[in-house]
Amino acid sequence: MLGLTSGAVLAAVLQLVVAQLPPTPGSWPHDYPGKPSGDFSPEWQNYFEVKDRLPNVSFPLPRSFAGNIGVNRPGHPNNTLFFWALEKEHGSLTAGADERSDVPWGIWLNGGPGSSSMLGFIYENGPIRMQADGSTRANEYSWDKQADYIWIDQPVGTGWSTADSDGYVHDEDEMGRDFMGFLENLVKVFPSLKERPLYLTGESYAGTYIPYIMKTYFGMANPPVKIAKFAIGDGTIGSEAVFELLPTVTTLETYPQLIGYDTEVFEWFREQEHLCGYDLNLTYPQDGKFPDLQLIPPTDPNRAGFVDFAKRKTAKTPFTRLALAQTHTSSNRVRAVEEHVRLARAAESGDSAALSSREGRSAGVAKRDLSLRSNGTIDTWYGCFLFDEMVEYVLNYTYPWNVHGNSATWEGIDVYQVSDALFPESPIDGSGFFNDPRTRAALHAPTSKDWAGSIWYPFLGDPVNGIDPSVEPMAFLDDLAANASAHNIPIVLYSGNEDSLVAHRGTEVVIQNTTFGGIQGFTRRPSTPWYDDSGARAGIVHQERNWTYVLIEDVGHLVGYNSPPRAHTLLREFILGNNRTGLVTHVDGAVKVLGGEDGALAADALPATAGIYVGAVTTQATVEYPAATRAAWASYIATATVVSAKAAVAAEAGAEAKNAAVGASGASAVAAVAMAGGAFVVSLLVCV
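Bear in mind that the values here come from a model prediction, so they are computed numbers and not experimental data.

> Explain the overall build of the chain to me, using residue names and the numbers behind them.
In terms of helices and strands, the chain carries 23 helices and 19 strands. Looking at the 688 residues of the chain, the share that counts as buried comes to 59%. When contacts within the chain are restricted to residue pairs at least 6 apart in sequence, long-range pairs at least 24 apart make up 76% of them. Element-wise, carbon and sulfur atoms account for 53% of the exposed surface of the chain, whose accessible area totals about 25,600 Å².

Here it is, written out as structure tokens:
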């Protein structure tokens, strides 16, 4: 009876958190004293100017302007987008229509969907840096130091943007039209922006927003602005299978600490990668389009709840820790109930193996026993949701994540920055600051709603679940690339090496699947190093035919949050600037890559730092596996990844021989941990 009761609870929760349209509260902008009458014009500059001191901000800020501007959607006068615009120098935003025509300006968008770009303003690339205790300090690497920059909450209803209760966007095409309507009004207030080159930038789910905005832009006979370049960081350009599931093995190569350097576990994941069709072969240039990747759900009868969830897993849940600071996602709640059902069934049936997966964390289990798992077939418990399996493996079995990890809620691991194992994590929450009445009034923000860092955005195009019904941009990227080439608009895609949720491998697949400049993908494998202002290697850069790809070391999903200096250099050199490092050139019939090519970097994975950061809120120590363990892994991986997983399983005899060798390597790695007495290297750090 316990199993039936739990199953009923699961069904109820699934119906509640998945098959229910998120709320659509109505909101509207507030009229503050001095609001001009009539259409938008330069007269509104004085109204929007931020003149009052902001709470807990004791340092000077550049002159700025903030408030709500309509999107021109017929029948929805309350549909507005909230903006906060900063000048690079006094008067640069308020210049006349015929002034500064060659001076760049930029827009920043956070993702979600439903995440406020004001979080980017105070945690990533704006002039205010919010601290864990709620205090603030100046960000010397703020992007407004390089250009006039505007942070915008969108789509309508996000952050401090407003929307009628029936005015939320139906899909991304409507979002694009709204955005262009907003820009039409914005340039009436700041006339110089109409002719000045615009650099459109954003991260995460902005990887969906920006391509649709560009699609709308290219479809207009007379667009309101002149877009000069667009840049997307850690973006959801491909399908979920491409940006989340396919890169799992590459993530394990980057951070083998996630599986305790266990070669047997790695080989098991590689086999699953092949069986699911995720082991795509990237060639330079790419030879033909990649096949469509399928989200294959579990087949175990006890996983009915997950199967139902998996069918909806293309729901665009918040893809950033900025959003998760504000929301406890439905996926976590589904997993929590599902885990309760699984354990209840295990107790009923006497399944000690299932129960030990939870108990193993406190018992110090070193690795998962794969002897009872599928061999040669897709795993029945996870199907092809390899990312989910990796996360739950880590939380159950791998130190230090298994100390606090909860595989039911996914608490205890930062999938946006793998090296961060802080528990609890440093908070990312601007609600105290933005909902302070002094901030609200100073920024001319609405009084009809409270600001929220993220909402589960209710796309009206799906009246049942509120899921974004739009196709992923990868589906029309060839056409978008052709339009970009025709308009001479360069494209920049960048990724943080420590991001496991929207990992760089997915971005590379997107590039190699896209035809631009008459060729599919890059013709050379990215392998040129680039360096930050300190002279340290900052990652890999590659440029061909107006496309730039930048891989950034030692940062995760939130590049500006993890390393403001490197984000600043990225903006200056590769987004606003035209640094030619990594550019493929042809001289006298010979191919030359500026900055050279490093064969050691021409690989699927760029190994990351050995240290994992632990502590509560702030880093108090680093954890490293024994040197012998790391050396054994290095010896193994040097040969294990030179042959694709397809080749490894193509012939039975060859596979058996390889498995024997892998077993020996795995034994060496495990022995290294055992000889070290299970002791990990812990380096205490001075926290400042």
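> Kindly report on the packing of helix H4 (residues 172-189) against helix H5 (residues 206-218), identifying the contributing residues and their values.
Here H4 crosses H5 at 65°, and the two axes come no closer than 8 Å. Relative to H5, H4 is oriented roughly perpendicular. Considering only the axes of H4 and H5, their crossing is right-handed. Contact residues: H4 offers Glu172, Asp173, Met175, Gly176, Arg177, Phe179 and Met180, while H5 offers Thr208, Tyr209, Tyr212, Ile213, Lys215, Thr216 and Tyr217. By residue class, the composition of the contact of H4 with H5 is 7 nonpolar, 3 polar and 4 charged.

> Give me the lowdown on the state of the cysteines, citing residues and values where you can.
This model, assessed by the stated rule, comprises 1 disulfide. Note on cysteine connectivity: Cys276 is disulfide-linked to Cys384, with sulfurs 2.0 Å apart. Because the sign of the S-S torsion sets the handedness, a value of about -95° for the bond joining Cys276 and Cys384 places this disulfide among the left-handed ones. A residue pair is termed long-range when its members are at least 10 positions apart, and Cys276 in the loop between helix H8 (263-275) and helix H9 (304-311) and Cys384 in the loop between helix H12 (352-363) and helix H13 (386-397) qualify at 108 residues.

> So, the side chain of Gln512: which residues are in play, and what are the values?
Structurally, Gln512 can be placed in helix H18 (residues 504-512). When residues no more than four places from it in sequence are discounted, the contact partners of Gln512 are Leu282, Thr283, Tyr284, Pro285, Gln286, Phe290, Gln520, Gly521 and Phe522.

> With reference to specific residues and values, describe the sheet that holds strand E6 (residues 148-153).
Ordered in space as E1-E2-E6-E3-E7-E8-E9-E14-E13-E12, the 10 strands form an open sheet in which the pairing is mixed. Two strands bound the open sheet, and with one partner strand each, they are strand E1 (64-70) and strand E12 (528-531). Going from strand to strand, the sheet's axes swing by 25° on average, the running direction of each strand aside. Relative to strand E9 (residues 491-496), strand E8 (residues 226-233) runs parallel, the two being bridged by 4 bridges. In the sheet register, Phe230 faces E9, and the bridge partner there is Ile491. Seen against the sheet, H4 touches E1, strand E2 (80-86), strand E3 (105-109), E6 and strand E7 (197-203) and runs at an angle of roughly 130° to E1.

> Explain the environment of His542 residue by residue, including any values.
Looking at the element boundaries, His542 is found in strand E13 (residues 537-544). Taking the C-alpha atoms as reference, His542 lies 6.0 Å from Leu583; in sequence the two are 41 residues apart. Among residues more than four places away in sequence, those in contact with His542 are Phe522, Arg524, Arg525, Pro526, Trp547, Thr548, Tyr549, Gly582 and Val584. Only 3.3 Å separates the side chain of His542 from the backbone oxygen of Arg524, close enough to count as a polar contact.

> Tell me about unusual backbone geometry, and name the residues and values.
Put simply, Gln154 and Pro155 share a cis peptide bond, and its omega is 5°. Inspection of the secondary structure puts Pro155 in the loop between E6 and H4. Each neighbour pair has its own omega, and for Tyr399 with Pro400 the value is 5°, a cis peptide bond. Non-glycine residue Arg545 carries a positive phi angle of around 50°. Note on placement: Arg545 falls in the loop between E13 and strand E14 (547-552).

> Can you break down the pairing of E8 residue by residue, with the values?
Summarising burial for E8: 7 of the 8 residues are buried, a large majority. Each parallel crossover has a hand, and the one from E7 via H5 to E8 is right-handed.

> Explain the pairing of E7 to me, using residue names and the numbers behind them.
Where a strand is regular, its side chains alternate between the two sheet faces. Within E7, 7 of the 7 residues are buried, which leaves it mostly tucked inside the rest of the structure. The side-chain alternation of E7 yields two buried faces, one formed by Pro197, Tyr199, Thr201 and Glu203 and the other by Leu198, Leu200 and Gly202. Direction of pairing for E3 relative to E7: parallel, over a ladder of 5 bridges. Bridge pairing in E7 places Trp105 opposite Leu198. As judged from the 7 bridges shared by E7 and E8, these two strands associate in the parallel manner. Counterpart to Leu200 in the pairing with E8 is Phe230.

> Now, about the packing of aromatic side chains: what can you tell me, with residues and values included?
Summed over the entire model, instances satisfying the criterion amount to 35 aromatic pairs. Consider the rings of Tyr168 and Tyr457, whose centres lie 5.6 Å apart with planes at 65°: the pair is edge-to-face. Of this pair, Tyr168 sits in the loop between E6 and H4 while Tyr457 is found in the loop between helix H16 (437-442) and helix H17 (477-486), placing the two residues 289 residues apart along the sequence. We classify Tyr457 as buried; its relative accessible area is 2%. In this structure an aromatic cluster arises from ring pairing among Phe40, Trp44, Tyr47, Phe48, Phe65, Phe83, Phe179, Phe182 and Phe190.

Quick notes on the rules
Residues numbered from 1 in each chain as written. Predicted model: local features only at pLDDT ≥ 70, side-chain atom pairs only at ≥ 80, totals over all residues. Heavy atoms only, no water. Helix = DSSP H or I, 4+ residues; strand = E, 2+ residues; numbered from the N terminus. Buried < 20%, exposed > 50% of the residue type's maximum accessible area, 1.4 Å probe, protein only. Contact = heavy atoms within 4.5 Å. Areas by Shrake-Rupley, 256 points an atom, 1.4 Å probe, with all protein chains shown as cover. Axes fitted to C-alpha atoms, helices over the stretch in contact; angles between N-to-C directions. Parallel < 35°, antiparallel > 145°, perpendicular 65-115°, else oblique. Left-handed = near helix turned anticlockwise from the far one by under 90°. Nonpolar A, V, L, I, M, F, W, Y, C, P; charged D, E, K, R; others polar. Disulfide = S-S within 2.5 Å. Pairing = 2+ DSSP bridges. Polar contact = N/O pair within 3.5 Å; in protein donor to acceptor, adjacent residues only side chain to side chain. Right-handed = clockwise from strand over helix to strand, strands pointing away. Phe/Tyr/Trp six-rings, centres within 6.5 Å; stacked < 30°, edge-to-face > 60°.

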